[in-house]
Amino acid sequence: MADDLNDDDFDSNSPSPTNSSTASEMAALEHPPFRKLVPPLNFCPVEEDLYRSGQPTPINFPFTAGLGLKSIIWLEIEDPPEAFVNFARNYKIHVFHLGLENGVDVENDEPFLDNATSSDKVPKPTTNPWDQLPENAIIEALQIIADKNNYPLLVCGGMGRHRTGTVIGCLRRVQNWNLASVSEEYRRFAGSRKRVLIELHIEAFDTSSVQIDSRLAPAFLT
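Overview of the structure. In this text, all values refer to a predicted model and were calculated from it rather than measured experimentally. (Residues numbered from 1 in each chain as written. Predicted model: local features only at pLDDT ≥ 70, side-chain atom pairs only at ≥ 80, totals over all residues. Heavy atoms only, no water.)

A few words now on unusual backbone geometry. Across the junction of tyrosine 151 and proline 152, the peptide omega takes the value -5°, indicating a cis bond. Checked against the element boundaries, proline 152 lands in the loop between helix 4 (135-145) and strand 7 (153-156). Not every positive phi belongs to a glycine, and aspartate 49 is a case in point at roughly 65°. The residue aspartate 49 is located in the loop between strand 1 (44-47) and strand 2 (50-53) in this model. (Helix = DSSP H or I, 4+ residues; strand = E, 2+ residues; numbered from the N terminus.)

Position of histidine 97 among the secondary structure elements: in strand 4 (residues 94-97). The exposure class assigned to histidine 97 is buried, which follows from its relative accessible area of 2%. A distance of 2.5 Å separates a polar atom in the side chain of histidine 97 from the backbone oxygen of glutamate 76. (Buried < 20%, exposed > 50% of the residue type's maximum accessible area, 1.4 Å probe, protein only. Polar contact = N/O pair within 3.5 Å; in protein donor to acceptor, adjacent residues only side chain to side chain.)

Per the stated rule, a full pass over the model turns up five salt bridges. Of the charged contacts in the structure, one is a salt bridge between glutamate 184 and arginine 188, with a shortest N-O distance of 3.4 Å. One end of the pair, glutamate 184, and the other, arginine 188, are both in helix 6 (residues 179-190), four residues apart, so they sit about a helical turn from each other. By relative accessible area, which is 48% here, arginine 188 ends up partly exposed. Among the charged side chains, a salt-bridge network with shared partners connects Glu47, Arg172 and Glu185. (Salt bridge = Lys/Arg side-chain N within 4 Å of Asp/Glu carboxyl O.)

The next subject is the pairing of strand 7. Along strand 7, one buried face is formed by Leu153 and Val155 and the opposite face, lined by Leu154 and Cys156, is buried too. In this structure, strand 2 lies alongside strand 7, joined through four bridges in parallel fashion. Bridge assignment links leucine 50 to a residue of strand 7, and that residue is leucine 153. The sheet contact formed by strand 3 (residues 71-74) and strand 7 spans four bridges and is parallel. (Pairing = 2+ DSSP bridges.)

Now the structure itself:
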């Protein structure tokens, strides 16, 4: 019977089911769905559902949206860009603007003052963007971080180096990290632009000024 078979029975151009499946998979790999996910500058997880970064720009919005954020702490003196505010509003993300001498709730345009009244005016910001983050802004940021109801949470601003590094450095102090580890983490993001005054500020931060409620605090602060 073998002699009855001819070359036509073995057409090399006829794909086997296996070859056809492989070809389909290769075609799918050659044309993947296009979705650009670009994290913000200096983006990095800090703890579970807590992140740090520089200012997210429109190219970073798809990536940032994927984090499922509930809150953002904005640490710059300047107001957040309109595109950033619209992005946060579209995804129902609450933005805390703490780069001012007294922080401002961007959504409600109200100052973060324990004794604030309806007659209080929004405080004027520090005029020099090179100034260090005010002490009360650091404490307010840490109080927001200490409340798990604000999570997932992003701490951001500018290049994500100095002001962001100050808040995260003071958080590490609250977590009882040793100073060498705190400084190493700050320098990793600041690079050659590290500032000794910021490291001294972090070292001198009074951790007792942050009130931790164990019922509200995330696991890494309990």
